[in-house]
Amino acid sequence: MLNIKYEHTTTKKEKPDYSKLGFGKYFTDHMFLMNYSVDKGWHDARIVPYGPISLDPSAMVFHYAQELFEGMKAYNDPNGKIRLFRPDKNIERMNRTCRRLCVPEIDPADALEAITAIVKCDKDWIPTLPGTSLYIRPFIIATDEHLGVHPSKNYLFCIILSPVGSYYANGIDPVKIVIEREYVRAVKGGTGAAKVGGNYASSLIGQQKAEEMGYAQVLWLDGVHRKYIDEVGAMNVFFVIDGKVVTPTLENGNILPGVTRMSCIEMLKSWGMEVEERLISVDELEEANANGKLDEAFGTGTAAVISPIGEFNDDGKIITVNDGKIGPISQKLYDSLTGIQWGKAEDPFGWSIVID
Ligand SMILES: *Cc1c(COP(=O)(O)O)cnc(C)c1O
């Protein structure tokens, strides 16, 4: 039990136009904070008005990027109940990331209590239009005032909330992806499997290049052989080749283990479908395409859930997938997962948790 202290805002913000939310543009009235010190451990859990955090310029997070985050959503269901989707999986992953970055872990029950408390506190911010939700961003930063390179002794855990729009306001449109041949996102032994801001800082240049070419995102290849497919921007990636679902294996430790990825695999298996987790090379993809066997490609992640991929560009060589349209497996996964997340469909897995 955290014994959370509440300081409620005296000036509630005006709500944004819920039909034009986009992603991560608006923030709610409150935020959750909790500090860590060596002698007290995680302590001083509190919910306070949303606003700037004051830190010393020497705070370690600014210099050595000892920072990690999570991303999940709260959903308003048809009965007006608030739901979370597999929050235990995000909390487990956050603690795995903590271990990789030498950050002290947070007791999973305390983390869930914090997430639940801040969502309930600002529940009037959970949008109700179809496809909208409240994005939850927990993060931890190193706050030692010191320029020596070592794990910080003090940390701040913060949770902020952002009402977000439907990713697909105009129906599910497949995205176009560039295969990145110059830069890499992660290598074996690095932080690819950890959800850390540093991974994103190093990937921005590839993303920028892709956008300049008129593409939505980058397909990252493994950093050692430069031929196996890792993942897409902030999404894991799946292919349907010759009727079989294939996704890159997590074994090398350079891919972020997505909760959506895991849920897709479990769901596909529950439908009696085979899912192969293994190495997939770009060559295999191009060959499957040449033989007319590349049936579908899609990304998976909390923000978009399922994002069909209509085209890959590999140094000018274009691979068109399913005529640039969403395929039947992508569509079925999208419908089934979102049905469970928004509490509109039966949940045989027990993934969707009512919190209020
Ligand atoms: C968060 C993230 C994902 C998707 O994970 P989900 O738990 O499904 O949202 C995939 N790749 C990267 C790099 C990520 O940061």
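Residues numbered from 1 in each chain as written. Predicted model: local features only at pLDDT ≥ 70, side-chain atom pairs only at ≥ 80, totals over all residues. Heavy atoms only, no water.

Here's the deal with the overall build of the chain
Of regular secondary structure, the chain possesses 7 helices and 18 strands. At 21 Å, the chain has a C-alpha radius of gyration in line with the 21 Å of a compact globule built from 356 residues. Relative to all contacts within the chain whose residues are 6 or more apart in sequence, the contacts with residues 24 or more apart total 71%. Total accessible area on the chain is roughly 15,900 Å²; 51% of this is exposed by carbon and sulfur atoms. Computed over 38 positive and 48 negative side-chain charges, the separation of the two mean positions in the chain equals 2 Å. (Helix = DSSP H or I, 4+ residues; strand = E, 2+ residues; numbered from the N terminus. Rg over C-alpha atoms; globule rule 2.2 N^0.38 Å. Contact = heavy atoms within 4.5 Å. Areas by Shrake-Rupley, 256 points an atom, 1.4 Å probe, with all protein chains shown as cover. Lys, Arg positive; Asp, Glu negative; His and termini not counted. Charge placed at Lys NZ, Arg CZ, Asp CG, Glu CD.)

Remarks on the domain arrangement of the chain
Taken domain by domain, the chain comprises domain 1 (5–164) and domain 2 (175–341). Taking the mean C-alpha position of each, domain 1 and domain 2 sit 27 Å from one another. Taken residue by residue, the interface counts 20 residues in domain 1 and 20 residues in domain 2. Interface area, domain 1 with domain 2, both sides summed: about 1,700 Å², of which 61% is carbon and sulfur. Three residues stand out in domain 1 for area buried against domain 2, namely F69, F85 and R93, and they jointly supply 34% of the buried area on that side. (Domains from an automatic or database assignment. Buried area = accessible area lost by both parts, 1.4 Å probe.)

Remarks on the pattern of salt bridges
Note that side chains of opposite charge can pair when their charged atoms are close. For the coordinates displayed, the defined rule picks out 21 salt bridges. A salt bridge links D356 to K123; its shortest N-O distance comes to 2.7 Å. Of this pair, D356 sits in the segment after β18 (352–354) while K123 is found in the loop between α3 (108–121) and β7 (133–142), placing the two residues 233 residues apart along the sequence. Judged by relative accessible area, D356 falls into the partly exposed class, the value being 31%. What you see here is one network of salt bridges that share partners, running through K244, E276, R278 and E284. (Salt bridge = Lys/Arg side-chain N within 4 Å of Asp/Glu carboxyl O. Buried < 20%, exposed > 50% of the residue type's maximum accessible area, 1.4 Å probe, protein only.)

Notes on the side chain of E296
Within the fold, E296 resides in strand β15 (residues 294–301). No salt bridge is formed by the buried E296. Its closest oppositely charged neighbour is K332, at 11 Å. A polar atom in the side chain of E296 sits 2.9 Å from the backbone nitrogen of I329. Among all residues touching E296, those that are not within four sequence positions of it are F238, F239, V240, V321, G327, P328, I329 and S330. (Polar contact = N/O pair within 3.5 Å; in protein donor to acceptor, adjacent residues only side chain to side chain.)

So, the site of the ligand
Close to the ligand lie 15 residues; K195, Y200, E231, T260 and T302 are nearest. Note that an oxygen atom of the ligand is positioned 2.8 Å from one of the side-chain N or O atoms of R93. T302 places a side-chain nitrogen or oxygen 2.6 Å from an oxygen atom of the ligand. Coverage of the ligand by the protein chains reaches 96% of its 380 Å² of free accessible surface. (Near = heavy atom within 4 Å.)

Notes on the nonpolar core
By size, the foremost hydrophobic cluster in this structure holds 40 residues, and its most contacted members are F32, V119, I136, I140, F157 and I159. Every element with two or more residues in this core is listed here: β2 (30–37), β3 (41–49), β5 (72–76), β6 (82–85), α2 (87–100), α3, β7 and β8 (155–164). Top contributing element to this core by residue count: α3, with 7 residues. Setting aside chain neighbours within four positions, we find F32 in contact with L2, I4, A45, R46, I47, A114, I118, F157, C158 and I159. Grouped together as the second largest cluster of nonpolar side chains are 24 residues, Y168, I172, Y334 and W351 included. (Core = buried A, V, L, I, M, F, W, Y, C linked by side-chain atoms within 4.5 Å.)

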